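Remarks on the overall topology
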Amino acid sequence: RSTNEDHGVRKRAETKEGRMKMQRRICWFSCGAASAVATRKTIEDYPDSEVIPVNCDTRPSEHLDNYRFCQDCERWFGTPIIYIRSQDYETIDEVFERTRYMAGPRGARCTTELKKIPRLRFSKPDDVHVFGFTFDERNRIRNFKARNPDLLLKWPLLDHGITKQDCYDRLHEEGIELPEMYRLGFDNNNCPGCVKASSPWYWDKVRRNFPSVFERRCQQSRSIGCRLVEI
């Protein structure tokens, strides 16, 4: 290969590397353990890139302890979390009652209105999107990629072989207490009474820990005609 060809290859590589450094890496921080570790790993792996933790804020529908967890994580990240909200809805209850839709073949309506739409409004076409899907969620990653072919996606937990338990362990090592929903025995830090859940076990835990939320979901599902539990 000639000297000119070598110079051209190096120039293209440097240009590509420069473009990648200029791209925003948006870490979608959901207040879950996995998204917290994914954000921190991205900050560690790309010290010269613009890494932005962003939370689709669904307060007051989520557990109040999430705000303590956010503050702990901000200190760990060394950078502030940006909060974005829906321009149309305040709470998940308002989404259900105004749209007359809770969950079904099209997914959970609250996720679309309070998370996906604000996420699309905030994003730029060349953003790299970082999600906290773990190494033991490879099927979930594959399905997400298939549903979102236009997004530039990065999976730091998959790349580093980090499982959900590894995320719990990392936070414990950093002295960060898990959000209350985990401590109550829930598998994920979703809003209490998450309509994406369909197991009787989950809804029994909601009934015992959040009776007012459970009663509200019962009333909403009857009014809308949505069956939340699969038996």
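Just above sits the structure.
Computed from a prediction, not measured in an experiment: that's the story for all the values here.

Cut-offs and rules
Residues numbered from 1 in each chain as written. Predicted model: local features only at pLDDT ≥ 70, side-chain atom pairs only at ≥ 80, totals over all residues. Heavy atoms only, no water. Pairing = 2+ DSSP bridges. Helix = DSSP H or I, 4+ residues; strand = E, 2+ residues; numbered from the N terminus. Axes fitted to C-alpha atoms, helices over the stretch in contact; angles between N-to-C directions. Parallel < 35°, antiparallel > 145°, perpendicular 65-115°, else oblique. Contact = heavy atoms within 4.5 Å. Left-handed = near helix turned anticlockwise from the far one by under 90°. Nonpolar A, V, L, I, M, F, W, Y, C, P; charged D, E, K, R; others polar.

**Some words on the sheet that holds strand S6 (residues 128–130)**
- Strand order across the open sheet formed by five strands is S3-S2-S1-S6-S7, with parallel pairing between neighbours. Looking at the sheet topology across the chains shown, the edges are occupied by strand S3 (82–84) and strand S7 (152–154). In this sheet, neighbouring strand axes are inclined to one another by 35° on average, regardless of whether the strands run parallel or antiparallel.
- Strand direction decides the pairing type here: strand S1 (residues 24–28) and strand S2 (residues 50–56), joined by five bridges, are parallel. Bridged to Ile26 within S2 is Ile52.

**Focus on the packing of helix H2 (residues 33–45) against helix H8 (residues 164–173)**
- Between H2 and H8, whose axes approach to 9 Å, the crossing angle comes to 70°. With respect to H8, the element H2 is oriented roughly perpendicular. Contacts between H2 and H8 involve Ala33, Ala34, Ala36, Val37, Arg40, Lys41 and Glu44 from the first element and Cys167, Tyr168, Arg170 and Leu171 from the second.

**Here we look at the packing of H2 against helix H3 (residues 65–77)**
- Packing of H2 against H3 brings their axes to within 10 Å, and their N-to-C directions diverge by 15°. As summarised for this structure, H2 and H3 are arranged roughly parallel, according to the angle between their axes. Regarding H2 and H3, the two cross each other, and that crossing is right-handed. On H3, the residues touching Ala36, Val37, Thr39, Arg40 and Ile43 of H2 are Phe69, Cys73, Trp76 and Phe77.
- When the residues that make up the contact of H2 with H3 are grouped by side-chain class, the tally is seven nonpolar, one polar and one charged.

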